[in-house]
Amino acid sequence: ISKLRKIAVPPPVEEQEKCNFCNAVLPEDHRHLVDLSAMRFMCACDLCLIVQAVRGQYTPIPQRYIHLTDFKMSDALWSDFLIPVNMAFFVLKPNQNGAVAFYPAPTGATESKLKMEPWDELKELNPGLNSLTLDLEALIVNRLDKEYQYYIIPIDSCYKLIGMIRKSWKGIHGGEEVNETIRKFFIELKEKSV
């Protein structure tokens with residue numbers, strides 16, 4: 001009964017996320033702005049999102065979710081990235097003349113030392129990667145199960161996944177709960193995607 005109560009009754013207002021600008025209570029699936037100079041994410045209600053975007057200090061994060069069903073990446077190319085786990089997200093960084101890769105770890109998002117040659121090859125095979133919005137969108141790669149998955153998603157969704165992984169991580173290798181958390185996240189991605 002207590003589990004049903006938790007589902008039926010929303011959390012108290014003080015536990016719900018609030019707009020960082022006007023303090024209004026936000027729905028779970030709210031928008032974010034980012035201060036690119038500090039890479040700091042801010043929760044925003046719809047009105048504050050517009051107002052702050054017009055002022056120019058904060059940038060709204062795009063809301064594209066694209067399932068890349070014809071994505072081309074061989075096992076050999078994946079291994080060229082030298083990422084020690086079977087999941088990563090790649091973000092285009094203008095100040096680094098290319099992409100930066102991050103992978104989940106129990107401590108958070110860990111930056112991988114990315115060689116540019118594999119990224120250039122990946123872009124040649126998948127020209128759609130040239131449409132990624134600098135700093136704000138990511139290619140996320142999930143190779144945990146037999147059916148590999150590739151998406152373009154907003155950067156805040158990547159960090160949401162990292163937070164979910166940290167919260168569910170158990171022991172040295174993460175445990176089965178973390179794998180289920182990841183699978184659930186990718187099911188939701190598929191539902192949101194075009």
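Just above sits the structure.
I will try to describe carefully the structure that is included in this document.

What counts as what
Residues numbered from 1 in each chain as written. Predicted model: local features only at pLDDT ≥ 70, side-chain atom pairs only at ≥ 80, totals over all residues. Heavy atoms only, no water. Pairing = 2+ DSSP bridges. Helix = DSSP H or I, 4+ residues; strand = E, 2+ residues; numbered from the N terminus. Contact = heavy atoms within 4.5 Å. Axes fitted to C-alpha atoms, helices over the stretch in contact; angles between N-to-C directions. Buried < 20%, exposed > 50% of the residue type's maximum accessible area, 1.4 Å probe, protein only. Arc of directions from axis to C-beta. Expected span 1.5 Å × (residues − 1). 1 Å grid on protein atoms, 1.4 Å probe; cavity = no way out; pocket = protein on both sides within 12 Å on 5 of 7 lines; lining within 4 Å. Points joined across faces, edges and corners; volume = space filled by probe spheres on them. Nonpolar A, V, L, I, M, F, W, Y, C, P; charged D, E, K, R; others polar.

**Observations regarding the sheet that holds strand β8 (residues 137–142)**
Spatially, the 6 strands line up as an open sheet ordered β4-β9-β8-β5-β6-β7, and their pairing is antiparallel. Sheet topology places β4 (66–67) and β7 (108–112) at the edges, where each strand pairs with a single neighbour. Here 5 bridges tie strand β6 (residues 98–105) to β7, and the two strands are oriented antiparallel to one another. Across the sheet, Y103 pairs through a bridge with T110, a residue of β7. With respect to the sheet, helix α5 (residues 155–168) is in contact with β5 (87–93), β6, β7, β8 and β9 (149–154), its orientation differing from that of β9 by roughly 115°. The sheet contacts of helix α6 (residues 175–192) involve β4, β5, β8 and β9, and relative to β9 the element is tilted by about 70°.

**Notes on helix α2 (residues 46–55)**
Residues C48, L49 and Q52 constitute the buried set of α2. Down the axis of α2, the smallest arc covering the buried residues is 105°, so these residues share one side. Opposite the packed face of α2, turned more than 90 degrees from it, sit the exposed residues D46, L47, I50 and V54. Buried residues belonging to α2 abut β1 (31–35), β2 (40–44) and β3 (59–60). Positive phi appears at G56, one or two residues downstream of α2, with a value of about 95°.

**Section: the environment of K115**
Assignment of secondary structure puts K115 in the loop between β7 and α4 (116–125). K115 gets classed as partly exposed once you look at its relative accessible area, which sits at 38%. Separated by 78 residues in the primary sequence, K115 and S37 place their C-alpha atoms 25 Å from one another.

**Quick look at α6**
For α6, built from 18 residues, the straight-helix expectation of 26 Å at 1.5 Å per residue is met to within 8% by its first-to-last C-alpha distance of 27 Å. Burial in α6 covers these residues: V178, T181, I182, F185, F186 and L189. Looking down the long axis of α6, one finds its buried residues gathered within 130° of arc, a one-sided arrangement. Of the exposed residues in α6, the ones pointing more than 90 degrees away from its buried face are K184, I187 and E191.

**A word on empty space enclosed by the protein**
Considering all chains together, one arrives at 1 cavity of 30 Å³ or more under this definition. The space that makes up the largest cavity amounts to roughly 40 Å³. Every residue lining the largest cavity is listed: S157, K160, F185, E188, L189 and K192. Listing elements by their share of the lining of the largest cavity, those giving two or more residues are α5 and α6. Sorting elements by how many residues they give to the lining of the largest cavity places α6 first, with 4 residues.

**Observations regarding the layout of surface pockets**
One number sums up the size of the largest pocket: a volume of about 880 Å³. Contributing elements (two or more residues each) for the lining of the largest pocket: β1, β2, α5 and α6. Per-element tally for the lining of the largest pocket: the top contributor is α5, with 8 residues. In terms of residue class, the lining of the largest pocket is built from 6 nonpolar, 7 polar and 11 charged. Quantified by volume, the second largest pocket comes out at close to 200 Å³. Lining the second largest pocket are 13 residues, and of these V85, P104, L144, W169 and I182 lie nearest its centre. Breaking the lining of the second largest pocket down by element, the ones donating at least two residues are β6 and α6.

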